[in-house]
Amino acid sequence: MTKPILWIAPGACSLAPHILIREAGIDFETILINVKPGFPEEYRHMNPKGRVPILQIGDITITEVPAIMTAISQMVPGKHLLGKTNLEIVRTYEWCNWLSGTVHAQAFGGVRRTYRFSDDPETYESIRAKGRKTVEESFEYIEERLQGTHAVGDSFTAVDGFLLVFYRWGNQLEFDMRAKYPKFTSLVEEGLERDSVKAAFREEGIEFWV
Ligand SMILES: N[C@@H](CCC(=O)N[C@@H](CS)C(=O)NCC(=O)O)C(=O)O
């Protein structure tokens, strides 16, 4: 198999597939870019939508976190990284679509990429406030929904790594994550013990408790 190349940015949503590809034990390469000031124009040919993550496998290019995590999981079917049963796989997609569309794009997008929602800077403060409220409601939903140290089934899936990204971003927004969300915290603490997570953090040069 051609060695996959994963395009990532430190601490971005691309951390979720980065953790997963390490969990899969696949031989891969990373290209680390900075998207904080915006996606670099010189790489736009790789993803005309101007976003990481991007997964390159030979001449195939895959974008969007849930699609990339599906592709990674398909490379190692025996590891069941999307879940073991049909229902678990369905639950994984249920989580990933919501995390990607609502929690990431809508809630955190409103707080951190406010300009995507309006061209009028006068509206930014209220968009940011609404985004922050949606983040909080999302964290409450996650806390209520979790039943164990894994979001789906009884072992690590793509969802656990994706949740870890948002927990970390919650710390950055100075939510009192540990006090308010104990179940979410234990899921993340289990994740932080994993070699895949430790190695991904090392490579991206990021800390967890920011
Ligand atoms: N829906 C996309 C969202 C990807 C995304 O928003 N990536 C951010 C990093 S977390 C990015 O590349 N931002 C660059 C920019 O907004 O210019 C996915 O799931 O992959």
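Residues numbered from 1 in each chain as written. Predicted model: local features only at pLDDT ≥ 70, side-chain atom pairs only at ≥ 80, totals over all residues. Heavy atoms only, no water.

S.K.: I would appreciate a short explanation of the overall build of the protein in the present structure.
M.R.: On a plain count of helices and strands, the protein comes out with 8 helices and 4 strands. A compact globule built from 210 residues would reach a C-alpha radius of gyration of about 17 Å, and the protein, at 17 Å, matches this within 12%. The principal-axis extent of the C-alpha atoms belonging to the protein is close to 50 × 45 × 30 Å. When burial is assessed residue by residue, the protein has 52% of its 210 residues classed as buried. Across the protein, the fraction of contacts at a sequence separation of at least 24, relative to all contacts at a separation of at least 6, is 67%. If you average the places of the 24 positive and of the 29 negative side-chain charges in the protein, the two averages end up 0 Å apart. (Helix = DSSP H or I, 4+ residues; strand = E, 2+ residues; numbered from the N terminus. Rg over C-alpha atoms; globule rule 2.2 N^0.38 Å. Buried < 20%, exposed > 50% of the residue type's maximum accessible area, 1.4 Å probe, protein only. Contact = heavy atoms within 4.5 Å. Lys, Arg positive; Asp, Glu negative; His and termini not counted. Charge placed at Lys NZ, Arg CZ, Asp CG, Glu CD.)

S.K.: Which parts of the structure should I look at to understand the UniProt feature "domain: GST N-terminal" (unreviewed entry) in the protein?
M.R.: What UniProt calls "domain: GST N-terminal" (unreviewed entry) maps, in this numbering, to residues 1–80. Within residues 1–80, the helical portion is 26% and the strand portion 20%, while the C-alpha atoms at the span's ends are 20 Å from each other. (UniProt positions renumbered as here; feature names shortened; annotations may be inferred.)

S.K.: I keep staring at the site of the ligand and nothing clicks. Help me out?
M.R.: Around the ligand sit 16 residues in total, of which F39, V52, E64, V65 and R116 are the nearest. A distance of 2.8 Å separates a nitrogen atom of the ligand from a polar atom in the backbone of V52. Relative to its unbound accessible area of 520 Å², the ligand is 88% covered by the protein chains. In the shell around the ligand, the residues fall into 8 nonpolar, 4 polar and 4 charged. Both of domain 1 (5–79) and domain 2 (86–194) provide at least three residues apiece to the shell around the ligand. (Near = heavy atom within 4 Å. Polar contact = N/O pair within 3.5 Å; in protein donor to acceptor, adjacent residues only side chain to side chain. Areas by Shrake-Rupley, 256 points an atom, 1.4 Å probe, with all protein chains shown as cover. Nonpolar A, V, L, I, M, F, W, Y, C, P; charged D, E, K, R; others polar. Domains from an automatic or database assignment.)

S.K.: For this particular structure, what's the right way to read the pairing of strand β4 (residues 60–63)?
M.R.: Taken residue by residue, a regular strand's side chains alternate between the two faces of the sheet. Direction of pairing for strand β3 (residues 54–57) relative to β4: antiparallel, over a ladder of 4 bridges. For L55, the partnering residue across the bridge sits in β4 and is I62. (Pairing = 2+ DSSP bridges.)

S.K.: Any chance you could explain the domain arrangement of the protein here in plain terms?
M.R.: Interfaces are often sized by the accessible area lost when the parts come together. Domain annotation of the protein identifies domain 1 (5–79) and domain 2 (86–194). Spacing between the C-alpha centres of domain 1 and domain 2 amounts to 19 Å. Taken together, the contact pairs 16 residues of domain 1 with 16 residues of domain 2. Three residues, C13, E23 and P66, lead the burial of domain 1 against domain 2; their summed loss comes to 31% of the area buried on that side. Notably, a salt bridge pairs E23 with R194, separated by 2.8 Å at the nearest N-O pair. Where the side of domain 1 that touches domain 2 is concerned, the elements lending two or more residues are α1 (15–24) and α2 (65–75). Broken down by element, the residue count for the side of domain 1 that touches domain 2 peaks at 5 residues, all from α1. (Buried area = accessible area lost by both parts, 1.4 Å probe. Salt bridge = Lys/Arg side-chain N within 4 Å of Asp/Glu carboxyl O.)

S.K.: In this structure, what is going on with the state of the cysteines? I would like to understand it.
M.R.: Disulfide: a covalent bond connecting the sulfur atoms of a pair of cysteines. Summed over the entire model, instances satisfying the criterion amount to 0 disulfides. No disulfide involves C13; its sulfur sits 12 Å from that of C96, the nearest cysteine. Owing to a relative accessible area of 8%, C13 belongs among the buried residues under this scheme. (Disulfide = S-S within 2.5 Å.)

S.K.: I tried to follow the packing of α1 against helix α5 (residues 158–172) on my own but got confused; where do I start?
M.R.: Taken N-terminus to C-terminus, the directions of α1 and α5 make an angle of 140 degrees; their axes are 8 Å apart at the nearest point. On the basis of the axis angle, α1 is oblique to α5. Like other packed secondary-structure pairs, α1 and α5 cross with a definite hand, here right-handed. For the pair formed by α1 and α5, the contact residues are L15, A16, I19 and L20 on the first element and A158, G161, F162, L164 and V165 on the second. Across the contact of α1 with α5, the residue classes tally to 8 nonpolar, 1 polar and no charged. (Axes fitted to C-alpha atoms, helices over the stretch in contact; angles between N-to-C directions. Parallel < 35°, antiparallel > 145°, perpendicular 65-115°, else oblique. Left-handed = near helix turned anticlockwise from the far one by under 90°.)

S.K.: Help me understand helix α8 (residues 195–204) in this model?
M.R.: Two residues of an α-helix separated by three or four positions point the same way, owing to the 3.6 residues in each turn. For α8, every residue scored as buried is listed here: S196, V197, A199, A200, F201 and E204. Summarising the contacts, the buried residues of α8 are in contact with β1 (5–8), α1, β2 (29–32), α5 and α7 (182–192). Of the residues trailing α8, G205 is marked for its positive phi of about 70 degrees.

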